[in-house]
Amino acid sequence: MNALVPAPSAPVPSATALSVRDLTVRYGRAGKTLPAVDGVSFDVARGETLGLVGESGSGKSTIGKAILGLQPPNAGRILLHGTDITRASLRQRRVTAIDLRVVFQDPYSSLNPAQTIGQTLTEPLRVLRVPKDQWRPRILESLAAVGLPADAADRYPARFSGGQRQRIAIARALVCDPQVIVLDEPVSALDLSTQAQVLNLLADLRDSRQLALLFIAHDLGVVRFLAQRVVVLYRGQVMEAGGAEEVTQRPRHPYSVALTAAAPVPQ
Ligand SMILES: Nc1ncnc2c1ncn2[C@@H]1O[C@H](COP(=O)(O)OP(=O)(O)O)[C@@H](O)[C@H]1O
Ligand SMILES: [Mg+2]
């Protein structure tokens, strides 16, 4: 079993919550296929949102899966607060899971229809062995943080709209009080006005809790609202990286221009 080894002399500033270094992920055998992710590096600091943008198939979700330990990388490293978690065991992942949570794209398939919202939010607390007397207050606090009433805990997912379900998924991510959240296209399945509400909620949470967010999207317009910095991905490689303003207003790569769809963004 791998020990949690401190990072060697990687240039990771202390405020850095999440670092990805030279990440390469390949599905299938070398020589047969191009890597889905090819030598990608970036950092996300506390209180910062990094937008990871690229067209469908560019490797965004694969990066997210590698960070969460769901897809083993072929090369490179992933560091959480400077600790190398690239090859952390399941037991070690349980510890990092307190700090590193995920919100997926589809709010319909990501919630178990047979469980009440309260049961869904209890799951991570149980896995992380949070004392039982803290469950109810933590769940109510998380629901309040995403703008849902306390009685939502006793209802089933079918009672909620897509936007509300995505709030529930965010509450589930927040219930362990993490510092880093990976959001894989969290608003792509929502209509535009609901997108704006959820983006506003995420911006509030980022600022009030000093969260580090890795915000994955296929549209630069959506990313610009939330992210301070942007990484543009194309066929598994970083095409361009920089300030969100800079990349969206003056993209250096023609591909970045194509990602700026005519999506309205909340003001
Ligand atoms: N489980 C898998 N097995 C084989 N190939 C995959 C798998 N998941 C994704 N891929 C391939 O890897 C590439 C990147 O996919 P993905 O990371 O899902 O991109 P994105 O999230 O940007 O749409 C694509 O070419 C996709 O077909
Ligand atoms: Mg994806």
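Residues numbered from 1 in each chain as written. Chains lettered and ligands numbered in written order. Predicted model: local features only at pLDDT ≥ 70, side-chain atom pairs only at ≥ 80, totals over all residues. Heavy atoms only, no water.

Draft legend 1. Geometry of the domain arrangement of the protein chain. Domain boundaries in the protein chain define domain 1 (1–99 + 178–267) and domain 2 (106–177). Once you take the C-alpha centre of each, domain 1 and domain 2 turn out to be 24 Å apart. On the domain 2 side, the residues contacting the 17 residues of domain 1 number 16 residues. Looking at the side of domain 1 facing domain 2, the largest losses of area belong to Arg 94, Pro 178 and Arg 209, adding up to 37% of the total buried there. Where domain 1 meets domain 2, there are one salt bridge. Glu 141 is paired through a salt bridge with Arg 209; the nearest N and O atoms lie 3.0 Å apart. (Domains from an automatic or database assignment. Contact = heavy atoms within 4.5 Å. Buried area = accessible area lost by both parts, 1.4 Å probe. Salt bridge = Lys/Arg side-chain N within 4 Å of Asp/Glu carboxyl O.)

Draft legend 2. Representation of the nonpolar core within the structure. In terms of nonpolar packing, the biggest core is built from 49 residues, with Leu 143, Ile 170, Ile 181, Phe 215 and Val 230 touching the most fellow members. Here this core spans two domains, and each of domain 1 (1–99 + 178–267) and domain 2 (106–177) adds at least three residues to it. For Ile 170, the contacting residues outside a window of four places in its chain are Val 103, Val 146, Val 198, Leu 201, Leu 202 and Leu 205. By size, the runner-up hydrophobic cluster in this structure holds 27 residues, among which are Leu 52, Leu 68, Ala 88 and Ala 212. (Core = buried A, V, L, I, M, F, W, Y, C linked by side-chain atoms within 4.5 Å. Buried < 20%, exposed > 50% of the residue type's maximum accessible area, 1.4 Å probe, protein only.)

Draft legend 3. Representation of the sheet that holds strand 9 (residues 229–234). In space, the six strands of this open sheet follow the order 6-7-8-3-9-10, with mixed pairing throughout. One side of each edge strand has no neighbouring strand; the edge strands of this open sheet are strand 6 (100–103) and strand 10 (237–243). Between one strand axis and the next, the sheet turns by 15 degrees as a mean value, whatever way the strands run. As defined by bridge partners, strand 6 adjoins strand 7 (residues 180–184) across four bridges and the pair is classed as parallel. (Pairing = 2+ DSSP bridges. Helix = DSSP H or I, 4+ residues; strand = E, 2+ residues; numbered from the N terminus. Axes fitted to C-alpha atoms, helices over the stretch in contact; angles between N-to-C directions.)

Draft legend 4. Up close: the side chain of Arg 172. Tracing the chain through its elements places Arg 172 in helix 5 (residues 162–174). Buried charge Arg 172 goes without a salt bridge, the closest partner of opposite sign being Glu 123 at 8.1 Å. Once you skip the residues sitting within four places of it in the chain, Arg 172 turns out to touch Arg 101, Ser 110, Leu 111, Thr 120, Leu 121 and Pro 124. (Lys, Arg positive; Asp, Glu negative; His and termini not counted.)

Draft legend 5. Highlighting unusual backbone geometry. Located in the positive-phi region is Glu 185, a residue other than glycine, with phi close to 50 degrees. Note on placement: Glu 185 falls in the loop between strand 7 and helix 6 (192–209). A relative accessible area of 10% places Glu 185 in the buried class. Despite not being glycine, Gln 210 shows a phi value in the positive range, around 55 degrees.

Draft legend 6. Examining the sheet that holds strand 1 (residues 16–25) more closely. Here four strands make up an open sheet; going across it, the order is 2-1-4-5 and the pairing antiparallel. Of all strands in the sheet, those with a lone pairing partner are strand 2 (37–45) and strand 5 (83–84), marking the two edges. Note that strand 4 (residues 75–80) and strand 5 share two bridges and pair antiparallel. The residue of strand 5 that forms the bridge with Leu 80 is Thr 83. Packing against the sheet, helix 1 (residues 60–67) makes contact with strand 1, strand 2 and strand 4, and its axis sits at approximately 115 degrees to strand 1.

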